[in-house]
Amino acid sequence: MKRSVEMEKKREEERVKKAEMARLKAERARAYEEPEWAKVDGEVEDDVEEEEGVRKNELYCVACGKKFKSDKQWKNHEQSKKHKDKVAELREAFGEEDQDNEDDDEDADDNNDNNDNGGGDADGFVSADEVEKLKEQFEGVEIQTEEKGDE
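For clarity, every value in this text was computed on a predicted model and none was experimentally measured.

A. The arrangement of a negative patch on the surface in detail. A surface patch of negative charge is lined by Glu-89, Glu-92, Glu-96, Glu-97, Asp-98, Asp-100, Glu-102, Asp-103 and Asp-104. Tracing the backbone through its elements, the reader meets Asp-98 in helix 4 (residues 81-115).

B. Expanded view of the pattern of salt bridges. Considering all chains together, one arrives at 5 salt bridges under this definition. Across the pair Glu-12 and Arg-15 runs a salt bridge whose closest N-O atoms are separated by 3.0 Å. With Glu-12 and Arg-15 both in helix 1 (residues 2-31) and 3 residues apart, the pair spans about one turn of that helix. Judged by relative accessible area, Arg-15 falls into the partly exposed class, the value being 46%. Each of Glu-20, Arg-23 and Glu-27 takes part in one network of salt bridges that share partners.

C. The arrangement of the side chain of His-83 in detail. Within the secondary structure, His-83 sits in helix 4. The class for His-83 is buried, based on a relative accessible area of 10%. Within the structure, the side chain of His-83 is placed 3.1 Å from the side chain of His-77, a separation counted as a polar contact. Not counting the four nearest positions on each side in its chain, His-83 is found in contact with Cys-61, Cys-64, His-77 and Glu-78.

Definitions and limits used
- Residues numbered from 1 in each chain as written.
- Predicted model: local features only at pLDDT ≥ 70, side-chain atom pairs only at ≥ 80, totals over all residues.
- Heavy atoms only, no water.
- Patch = residues over 30% accessible without salt bridge, like charges linked within 9 Å, V, L, I, M, F, W, Y side chains within 5 Å.
- Areas by Shrake-Rupley, 256 points an atom, 1.4 Å probe, with all protein chains shown as cover.
- Salt bridge = Lys/Arg side-chain N within 4 Å of Asp/Glu carboxyl O.
- Lys, Arg positive; Asp, Glu negative; His and termini not counted.
- Charge placed at Lys NZ, Arg CZ, Asp CG, Glu CD.
- Helix = DSSP H or I, 4+ residues; strand = E, 2+ residues; numbered from the N terminus.
- Buried < 20%, exposed > 50% of the residue type's maximum accessible area, 1.4 Å probe, protein only.
- Polar contact = N/O pair within 3.5 Å; in protein donor to acceptor, adjacent residues only side chain to side chain.
- Contact = heavy atoms within 4.5 Å.

Right, dumping it as structure tokens:
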């Protein structure tokens, strides 16, 4: 019991001591006067320009989403396995995308070629080659016909 009373007294003393320290710290902060050499007088714009200059010197890897402050860091990163893997993934993705775009362009060109004359000659006939192409395009498509009934 004596021990718990002593512990409680110590805790109370510590709380009082912390409160006093906080009060003194706040008092010093209120009394603080900025030295003349530390005062800002319109040179904020220069600081902003310096920060922009620093940003221009930063290197950024788009593939990995990382920033680097020095050429050495950048060169080391370029040699890393993770970076090389990411670049390979991006190349693969862009390659597939380019291939899809080329295929779409070729299909559009083919359709434009076929549709120039309405898909055939001026008299509405198509060549055997064009028929074969159409068969390939519509392979597996079922054509449904409607029967007209007596109404």
